[in-house]
Amino acid sequence: MDIFFRALAIYVALMVLFRFSGKRTLSESTPFDFVLLLIIAETTQQALVGKDYSVTASLLLIVTLVGADIFLSFAKQHWSFLAVLIEGLPLVIVEHGKPLEERMKKARVDEEDVLSAARQLQGLKRMDEIEYAVLERTGTISIVPKRGH
């Protein structure tokens, strides 16, 4: 039963860590992010299994982690506050072509991130062509172009 509680503790700890690290943390990975993810995975694996490398322990861990994820998805459907707590809300970061600096700073997004999304998604080249840019709950940036562009 110890392995079950360790799995839940690690799951919750990682959810909290990634929630507070910001939306953009998981959206776009750099080589540094990939290396960090590998180190976290190895550290987590050691914390989860301890000295028990049996197939039974591995299966129990997998079932516990997948079960926790399924439980959370159902819970988010029934209690909307839980979805907001875990995933946050979309955040408008550009309004009528003007960057909302404080929001962008808090979300660790810069103008180049917005312009990159504008080019890729809408073929826009300048900030004044953007009606709204929204940092979605997933960490991606959605672009709404101004009319006539």
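Details of the structure are given in the entry above.
Attention in this report is confined to the structure presented alongside it. Here the structure is a predicted model, which is why all the values come from computation and not from measurement. (Residues numbered from 1 in each chain as written. Predicted model: local features only at pLDDT ≥ 70, side-chain atom pairs only at ≥ 80, totals over all residues. Heavy atoms only, no water.)

Turning next to the overall build of the chain. Of the regular secondary structure elements, the chain holds seven helices and four strands. Reading the secondary structure of the chain in the N-to-C direction produces α-α-α-α-α-β-β-α-α-β-β. On C-alpha atoms alone, the chain measures out to a radius of gyration of 20 Å, which is more than a quarter above the 15 Å that the 2.2 N^0.38 rule sets for 149 residues. Here the chain holds 149 residues, and 28% of them are scored as buried. Total accessible area on the chain is roughly 10200 Å²; 65% of this is exposed by carbon and sulfur atoms. In the chain, which carries 17 positive and 18 negative side-chain charges, the distance between the mean positions of the two groups comes to 3 Å. (Helix = DSSP H or I, 4+ residues; strand = E, 2+ residues; numbered from the N terminus. Rg over C-alpha atoms; globule rule 2.2 N^0.38 Å. Buried < 20%, exposed > 50% of the residue type's maximum accessible area, 1.4 Å probe, protein only. Areas by Shrake-Rupley, 256 points an atom, 1.4 Å probe, with all protein chains shown as cover. Lys, Arg positive; Asp, Glu negative; His and termini not counted. Charge placed at Lys NZ, Arg CZ, Asp CG, Glu CD.)

This part takes up the environment of Ala133. Mapped onto the secondary structure, Ala133 falls in strand 3 (residues 130-135). The spatial distance from the C-alpha of Ala133 to the C-alpha of Val144 is 6.2 Å, given a sequence separation of 11 residues. When residues no more than four places from it in sequence are discounted, the contact partners of Ala133 are Leu91, Val92, Ile93, Val94, Val114, Ile141, Ser142 and Ile143. (Contact = heavy atoms within 4.5 Å.)

Ile93, Val109, Val114, Ile130, Ala133, Ile141 and Ile143 are the most contacted members of the largest nonpolar core, which totals 16 residues. Elements with a minimum of two residues in this core: strand 1 (91-95), helix 6 (101-107), helix 7 (111-122), strand 3 and strand 4 (141-145). Take this core: its biggest share by element is four residues, from helix 7. Formed by seven residues, the second largest nonpolar core is a distinct cluster that contains Ala7, Leu48, Val49 and Leu61. (Core = buried A, V, L, I, M, F, W, Y, C linked by side-chain atoms within 4.5 Å.)

This part takes up a negative patch on the surface. Judged by side-chain charge, Glu101, Glu102, Asp110 and Glu111 come together as a negatively charged surface patch. Assignment of secondary structure puts Asp110 in the loop between helix 6 and helix 7. When its relative accessible area of 42% is taken as the criterion, Asp110 is described as partly exposed. (Patch = residues over 30% accessible without salt bridge, like charges linked within 9 Å, V, L, I, M, F, W, Y side chains within 5 Å. Salt bridge = Lys/Arg side-chain N within 4 Å of Asp/Glu carboxyl O.)

Another point: the sheet that holds strand 2 (residues 98-99). Strand order in the open sheet made by the four strands is 2-1-3-4, with antiparallel pairing throughout. Sheet topology places strand 2 and strand 4 at the edges, where each strand pairs with a single neighbour. Inspection of the sheet shows strand 1 paired to strand 2 by two bridges, in the antiparallel sense. Its bridge partner lying in strand 2, Val94 is registered against Pro99. Sheet strands in contact with helix 7 are strand 1, strand 2, strand 3 and strand 4, and its direction is about 65° off that of strand 4. (Pairing = 2+ DSSP bridges. Axes fitted to C-alpha atoms, helices over the stretch in contact; angles between N-to-C directions.)

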